[in-house]
Amino acid sequence: MAQTDVLLTKQPAPQTIPACELPLKLYDVACNTGAYTSSGLATAGFRTAKYLVDEWFQNCYASYYQAFADRDQSERQRHESRQLAAETEALAQRTQADSTRKVGERLQDTHCWKSELQREVGELVAETELLLAQKQRLERALDATAVPFSIATDNLQCRERRQHPDLVSDYVEKELLKEAELIRNIQELLKRTIMQAVNQIRLNREHKQVCEMDWSDKVEAYNIDETCAGYHNQSTDVQFYPHSTKFEESASTPETWAKFTEENLVRAERERLASCNLRELIDCILRDTAEDLRLQCDAVNLAFGRRLEELEDARHKLEHHLHKTLREITDQEHNIAELKQAIKDREVPLKVAETRLYQRSHRPNVELCRDTAQLRLVSEVEELNLSLSALREKLLEAEQSLRNLEDTRMSLEKDIAVKTNSLFIDRQKCMTHRAHYPTILQLAGYQ
């Protein structure tokens with residue numbers, strides 16, 4: 001009988017009767033030859049097809065031996081089969097237990113990575129929400145800078161309507177130009193920061209999606225392994241899958257599997273830290289820009305205050321000089337009237353003296369004498385003419401002085417009007433508009 005090849009893990013048990021201890025008995029087969037054989041006898045036809053007694057015993061012993069050998073081999077086969085079945089059963093139980101343990105360990109590893117991914121996804125979501133809030137603060141702060149910029153440009157335009165000689169490039173205008181330039185720089189900075197926040201939010205969402213995909217795959221794998229860990233020999237939904245032991249070419253190794261998730265977590269953690277740093281940077285930028293704008297606003301307001309004091313002082317001095325000028329004009333007008341009256345009063349004596357001289361020039365013959373009276377009348381006329389000339393000259397000077405005073409009065413009134421206009425522009429237009437300057441909370445994006 002052909003013996004089946006079996007896998008033995010230990011030496012077989014000793015047989016009941018070892019094969020080497022069986023007696024090896026040799027039997028001599030009788031041949032129908034010689035003097036005592038039946039060869040050539042008349043009974044040859046009855047003896048040629050029959051065996052000898054020794055042959056019969058030999059055949060019996062051969063049958064006994066063959067039966068004994070077959071039973072012995074069968075017994076060995078049964079013992080080996082029972083032993084092999086026990087060994088394979090123990091092996092199957094050990095391998096199944098080891099596989100179950102390995103699947104359990106895999107479940108623990110998958111659960112660990114799954115928890116890490118879930119935690120990282122939650123932190124990325126929270127970080128993205130915080131960054132979105134900071135981005136909204138940036139947008140509110142950018143919108144809030146439109147009001148200061150409008151105020152600064154409106155102040156500059158209003159002050160362009162000042163009249164000569166108040167249309168000067170004073171320190172108020174320099175502070176306003178500095179404020180407008182500062183606001184433009186801050187707006188550019190806020191726009192660039194908003195773009196950085198938008199890009200960082202996009203990166204956060206991309207890495208969150210990568211982690212979510214990895215987490216989803218691990219959840220699915222965890223459920224599959226959990227189902228596999230629940231299978232046992234009494235399960236009814238198990239069956240043969242001959243080709244299930246074949247490895248897929250795209251299958252990963254434990255090292256690449258762990259490295260893939262670890263790299264996803266590292267990249268997500270790096271982006272989350274970058275997002276956190278960006279939030280801190282945004283907070284510093286908003287705080288610094290709000291403080292810079294308020295400081296510049298205070299500097300502009302201080303410059304306006306100083307300029308208004310100077311304008312008020314200049315207007316008060318102009319009004320004081322105008323008051324004195326008006327009083328001087330009144331006095332000069334009285335002086336001119338007095339000079340005219342004096343000239344008029346001096347003309348009457350002149351008329352008298354000239355009339356006397358004229359009448360005395362008609363004296364006859366020798367009576368037309370240059371007597372003391374004649375000489376005194378001539379000197380009187382000369383003195384009166386000199387007085388009238390002096391009075392008329394003084395009248396001309398007084399009238400010129402009056403005209404100068406009138407011109408000064410007009411100039412002072414014009415300067416006062418210019419100062420009043422400048423005060424109106426700076427106080428009523430500019431400062432009233434600057435009262436609507438945003439608060440530091442609005443500039444910081446909180447409102």
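The number of helices and strands found in the protein is seven helices and zero strands. Of the regular secondary structure in the protein, the N- to C-terminal order runs α-α-α-α-α-α-α. For the protein, with 447 residues in total, the buried portion stands at 28%. Accessible area for the protein stands at about 30200 Å²; split by element, carbon and sulfur atoms hold 56% of it.

Here we come to the nonpolar core. Ranked by size, the top nonpolar core spans 22 residues in total, and within it Leu 138, Leu 190, Ile 282, Leu 286, Leu 293, Tyr 437 and Leu 443 carry the most contacts. Taken together, the elements giving at least two residues each to this core come down to helix H2 (53-144), helix H4 (171-229) and helix H5 (254-360). When residues of this core are assigned to their parent elements, the largest contribution, seven residues, is made by H5. With sequence-adjacent residues up to four places away left out, Leu 443 is seen in contact with Ala 141, Ala 144, Pro 148, Ala 290, Leu 293, Arg 294, Tyr 437 and Pro 438. Ala 342, Ala 353, Leu 357 and Leu 384 belong to the second-largest nonpolar core, a separate cluster that totals 17 residues.

Counted by the stated rule, this structure contains 39 salt bridges. In this structure, Arg 272 and Glu 269 form a salt bridge, with 2.4 Å as the shortest nitrogen-oxygen distance. Of this pair, Arg 272 and Glu 269 both sit in helix H5, three residues apart, which is roughly one turn of the helix. Judged by its relative accessible area of 25%, Glu 269 is partly exposed.

What counts and how
Starting from 1, residues in each chain are numbered consecutively following that chain's sequence as written. In keeping with the predicted nature of the model, local features appear solely for residues at pLDDT of at least 70, side-chain atom pairs appear and are counted solely at 80 or more, and the whole-chain, interface and lining totals rest on all residues. Only heavy atoms go into the side-chain values, all of them from the structure, while hydrogens and water stay out. Going along the chain from the N terminus, every DSSP run of H or I of four or more residues is numbered as a helix, and every run of E of two or more is numbered as a strand. Burial classes follow relative accessibility: with a 1.4 Å probe on protein chains only, a residue under 20% of its type's maximum area counts as buried, one over 50% as exposed, and anything between as partly exposed. Only the protein chains shown count as cover for residues, with accessible areas throughout obtained via the Shrake-Rupley method and a probe of 1.4 Å. Each nonpolar core is a collection of buried residues, namely Ala, Val, Leu, Ile, Met, Phe, Trp, Tyr and Cys, held together in the definition by side-chain atoms within 4.5 Å. Contacts are assigned to residue pairs that have any heavy atoms within 4.5 Å of one another. Throughout this description, the term salt bridge denotes a Lys or Arg side-chain nitrogen within 4 Å of a carboxyl oxygen of Asp or Glu.

Distances and angles like these do not, on their own, reveal function.
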